[in-house]
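Chain residues, written in single-letter form:
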Amino acid sequence: MAGHLLLVVLMYSFSEKKAQAHLPPILTVNPAVITETETVTLNCQPPSSVSVSQCYFHIERGKPGKVFSCLKNLTGTELLEMTHQSSPAEVKVTCFYLYGSSSPDSDVSSIIIRTSLPPPALTVNPAVITETETVTLNCQPPSSVSVSQCYFHLERGKPGKVFSCLKTLTGTELLEMTHQSSPAEVKVTCFYLYGSSSPDSDVSSVIIRTSLPPKLTVNPAVINDTDSVTLNCQTPSSVSVSQCHFYILSGGTAKVLSCLQTLTATELLEMAHQSSPARIQVTCLYTVQIGEFNYPSPHSDTSSITIHSYKPQMTLQHFDGDHVLFTCSLSGPADHDTKCNLYFGEASCSVLTRNISGKRTSKNQSFCQFTVTIDILLRLLRSVQQSDASCDYTLGSDPNSLSPRSDRYSLTDIVEKESSVTQTVTTSLMTTGLTVSTPCASTTVTPVTSGSAVSTPSITSRFISTSVKPAPDTSMTALNPGSGNEATGWSVSTAGTKEVSIPATPQETASAGIWRFVAVVAGCGVTVGVVVLVSAMLCKRRTEKSVSKRPKTIITGLLDGFDETYSIVTYECFSE
């Protein structure tokens, strides 16, 4: 009886194993598409109640199953060798296991082994752009492959964008595709289809930098060589800035500083490789960190800083009875566009302006020179009721670069020595015509006759060019101012033409102590250029002294007469 029971138990156990063996395994392949050099994982999964260490894979029909572990990795090349195929090819696989007996086969799974296409080469040009600039994406398949379209991955996890293999995009378009805002980094890869999909290219980055430049301010814009200046590179509030860079244009120097920086004049001069006086031009930019690198913004507008040696020096040479040569010396070399201004007394406007000389003093100083005849000098000093001269200079045409004035040079000795001499010049010329050219349209001369109401011309141009050609039939006569309330001036008359009279101002009377002098000089048969310099600007100096409403002083006379060229200067100015 006991033996019969044991037989029943053994038969039941064998039947259970046989039943479990009838359950097929589940086969998965990952990935389903590979190249020859890539690998696929074959996973033959028996039922959970079955414990086996090996599985059998049918990789080629009609051939015995390959015994592997139930989880097996094979390359595309190994699969092709097993099936005696070449790429591209499809390899069909099933598997089974042994558990008492052989299980049924799994479902069939296919592995596609594609041709080992080389990846394309991707270039981006330029690699750094702004939102409004463009970048060219060039996805270059191998020369043996002919395709018209390529696929670009601009954002990981998203399907590739289908473009022509040579595609141009703006920074704005790239930002929209990747849902970013500038500054940003866009990483790009590409691939192509040629029977199958090629591998991806290497990753290329396009940096989209901000298009917003900083704003540079300098305070103050004019300093002495012992002073300091504050540079403020103001960056947009919407941008996270890493650093600011200041560029000295003349010296080609770049310096990394904080965006708000104070520098001494000495430091600026060293950066610009200059010495005072100097005009230093500065720009700035900022950088933004994107990834591992810092990328620059556009440059700011250029700002100028003028550095003066404290003030120029006035000297002179007196040529008795003839003229005085004034020299305005700067502390060192200066740019070729530097200009000097000559003043008498505390007058707010200069009498003459001269360009810097190309020569240097024995101390390597730049200088300007002014020649003023004794006659005009005395009249100018009487007009301002003072006996001294001074000078200043500007670096170029920038009025903000005006230097302090030199110490005032006393002319008392010259006035005392020359005041006893009275010079009167009256010259008649025989001319065929008189041409007056006024370069500024706002310069107005209104013809008047004696006794009529007088209106002072509005003169904004400082120079009126007059050309005189001598001939035997006509004359130009210098007239002396009248007395009392009669309005008089000087006139030019030509044969067959009307007389044009330039009136004197109502204040120009003997009782007011106003001086006026007209001199016209010419040689026979010579064309004489006459330059009329009108100093009518009420130019306030930095002392901010109020200008008193004293009557105008008008001095007209001969300056800088050399050889056959003469100047008639008209000097109008208020005293401070």
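Reading guide: rules and limits
Residues numbered from 1 in each chain as written. Predicted model: local features only at pLDDT ≥ 70, side-chain atom pairs only at ≥ 80, totals over all residues. Heavy atoms only, no water. Helix = DSSP H or I, 4+ residues; strand = E, 2+ residues; numbered from the N terminus. Buried < 20%, exposed > 50% of the residue type's maximum accessible area, 1.4 Å probe, protein only. Contact = heavy atoms within 4.5 Å. Areas by Shrake-Rupley, 256 points an atom, 1.4 Å probe, with all protein chains shown as cover. Arc of directions from axis to C-beta. pLDDT = per-residue confidence, 0-100. Pairing = 2+ DSSP bridges. Axes fitted to C-alpha atoms, helices over the stretch in contact; angles between N-to-C directions. Core = buried A, V, L, I, M, F, W, Y, C linked by side-chain atoms within 4.5 Å. Phe/Tyr/Trp six-rings, centres within 6.5 Å; stacked < 30°, edge-to-face > 60°. Salt bridge = Lys/Arg side-chain N within 4 Å of Asp/Glu carboxyl O.

J.: Is there a simple way to explain the overall build of the protein in this structure?
T.: Check the secondary structure of the protein and you find 6 helices and 44 strands. When burial is assessed residue by residue, the protein has 41% of its 576 residues classed as buried. Counted over contacts in the protein with a minimum sequence separation of 6, partners at least 24 positions apart contribute 65%. Surface accessibility of the protein: about 29,900 Å² in total, with carbon and sulfur atoms responsible for 52%.

J.: Got a minute to help me understand helix 3 (residues 171–178) in this structure?
T.: Restricting attention to buried positions, one finds in helix 3 the residues Gly171, Leu174, Leu175 and Thr178. One side of helix 3 holds all its buried residues, which, seen down the axis, span an arc of 100°. If you follow the buried residues of helix 3, they end up packed against strand 12 (128–129), strand 13 (134–140), strand 16 (166–170), strand 17 (184–191) and strand 20 (204–208). Directly beyond the C-terminal end of helix 3, a positive phi value near 55° is found at His179.

J.: Before we go on, may I ask you to explain the confidence of the model for the protein in this structure?
T.: The predicted structure's coordinates, where accompanied by low pLDDT, should not be read in detail. Confidence in the prediction for the protein averages 73 pLDDT; 69% of positions are at 70 or higher. Within the model, the stretch residues 6–10 combines pLDDT values under 50 with 0 contacts to residues more than four positions away or in other chains. Contacts for the low-pLDDT stretch residues 423–572, under 50 throughout, to residues beyond four places or in other chains number 287 contacts.

J.: Sorry, what's going on with the environment of Thr170 here?
T.: Relative to the elements of secondary structure, Thr170 occurs in strand 16. Along the primary structure Thr170 and Glu133 are separated by 37 residues, whereas in three dimensions their C-alpha atoms are 5.6 Å apart.

J.: Help me understand the sheet that holds strand 17, please; the structure alone is not making it clear to me.
T.: What links the strands of a sheet is backbone hydrogen bonding, and the strands pair in either a parallel or an antiparallel sense. Taken together, 5 strands build an open sheet; the order of strands is 12-20-17-14-15 and the sheet is mixed. Strands at the two margins of the open sheet, each flanked by one partner only, are strand 12 and strand 15 (161–164). Sheet topology note: the strand 12/strand 20 ladder contains 2 bridges and is parallel. Pairing of Val128 across the sheet is with Ile207, part of strand 20. Sheet strands in contact with helix 3 are strand 12, strand 15, strand 17 and strand 20, and its direction is about 110° off that of strand 20.

J.: Which parts of the structure should I look at to understand the nonpolar core?
T.: The nonpolar side chains of soluble globular proteins are, as a tendency, buried together. In this structure, Phe326, Cys340, Leu342, Phe344, Phe370, Leu377 and Leu411 are the most contacted members of the largest nonpolar core, which totals 30 residues. Elements that contribute at least two residues to this core include exactly strand 30 (313–319), strand 31 (323–329), strand 32 (338–344), strand 34 (367–373), helix 5 (374–384) and strand 35 (388–395). In terms of residue count, helix 5 provides more of this core than any other element does, 7 residues in total. Ranked by size, the runner-up nonpolar core spans 28 residues in total, among them Ile207, Leu216, Ile223 and Ala278.

J.: Any chance you could explain unusual backbone geometry here in plain terms?
T.: Note: most residues except glycine have negative phi, and most peptide bonds are trans. Cis geometry marks the peptide bond from Asn125 to Pro126, where omega comes out at -5°. You can see Pro126 is positioned in the loop between strand 11 (121–125) and strand 12. In the segment running from Asn219 into Pro220, the intervening peptide bond is cis, with an omega of -5°. Among the structural elements, Pro220 can be located in the loop between strand 21 (215–219) and strand 22 (222–224). Phi is positive for His84, close to 55°, though the residue is something other than glycine. The topology assignment puts His84 in the loop between helix 2 (76–83) and strand 7 (89–96). Note on His84: relative accessible area 65%, which makes it exposed. One non-glycine residue, Gln385, lies in the positive phi region at around 55°. The residue Gln385 is located in the loop between helix 5 and strand 35 in this model. Assessed through its relative accessible area of 61%, Gln385 is described here as exposed.

J.: What should I look at first to understand helix 2 in this one?
T.: For helix 2, every residue scored as buried is listed here: Gly76, Leu79, Leu80 and Thr83. Buried residues of helix 2 fall within an arc of 100° about the axis and therefore sit on the same side. Tucked inside the fold, the buried residues of helix 2 contact strand 2 (33–34), strand 3 (39–45), strand 6 (71–75), strand 7 and strand 10 (109–113). With its phi angle positive at about 55°, His84 sits one or two positions after the end of helix 2.

J.: What am I meant to see in the pairing of strand 23 (residues 228–234) here?
T.: Working note: regular strand, side chains alternate between the two faces of the sheet. Along strand 23, the buried face is formed by Val229, Leu231 and Cys233; none of Ser228, Thr230, Asn232 and Gln234, which line the opposite face, is buried. Here strand 21 pairs with strand 23 via 5 bridges, running antiparallel. Bridge pairing in strand 23 links Lys215 to Gln234.

J.: For this particular structure, what's the right way to read the packing of aromatic side chains?
T.: Any pair of aromatic rings gets described here by the distance separating the centres and the angle formed by the planes. Considering all chains together, one arrives at 5 aromatic pairs under this definition. For the ring pair Phe152 and Phe163, a centre distance of 5.8 Å and an interplane angle of 40° mean the geometry is tilted. Separated by 11 residues along the polypeptide, Phe152 in strand 14 (residues 149–153) and Phe163 in strand 15 bring together distant segments of the chain. A residue is classified by how much of its surface remains accessible, and Phe152, at 0% relative accessible area, is buried. The exposure class of Phe163 is buried, given its relative accessible area of 14%. Ring plane angle 70° and centroid distance 5.8 Å describe the contact between Phe326 and Phe344, whose orientation is recorded as edge-to-face. Placement of Phe326 in strand 31 and of Phe344 in strand 32 is noted, with a sequence separation of 18 residues between them.

J.: Is there a simple way to explain the sheet that holds strand 16 in this structure?
T.: Here we have 3 strands laid out as an open sheet, ordered 11-13-16, and antiparallel in their pairing. Pairing within the sheet leaves two strands with one partner each, and these edge strands are strand 11 and strand 16. Taken over all neighbouring pairs, the strand axes of this sheet differ in orientation by 20° on average, direction set aside. Summarising the sheet, strand 11 and strand 13 pair through 5 bridges and their orientation is antiparallel. Looking at the pairing, Thr123 lines up with Asn138 of strand 13. Relative to the sheet, helix 3 contacts strand 13 and strand 16, its axis offset from that of strand 16 by approximately 90°.

J.: Help me understand the pattern of salt bridges in this model?
T.: For side chains bearing opposite charge, pairing can occur when the charged atoms are close. What the rule picks out here adds up to 6 salt bridges. Asp407 serves as the salt-bridge partner of Lys311, at 2.6 Å between the closest nitrogen and oxygen. In this pair, Lys311 sits in the loop between strand 29 (303–308) and strand 30 while Asp407 sits in the loop between strand 35 and strand 36 (409–410), placing the two residues 96 residues apart along the sequence. Asp407 gets classed as exposed once you look at its relative accessible area, which sits at 51%. Close ionic contact of Arg408 with Glu346 constitutes a salt bridge, the shortest N to O distance being 3.1 Å. In this pair, Arg408 sits in the loop between strand 35 and strand 36 while Glu346 sits in the loop between strand 32 and strand 33 (352–355), placing the two residues 62 residues apart along the sequence. The class for Glu346 is partly exposed, based on a relative accessible area of 25%. Connected through shared salt-bridge partners, Glu346, Asp388 and Arg408 make up one network.

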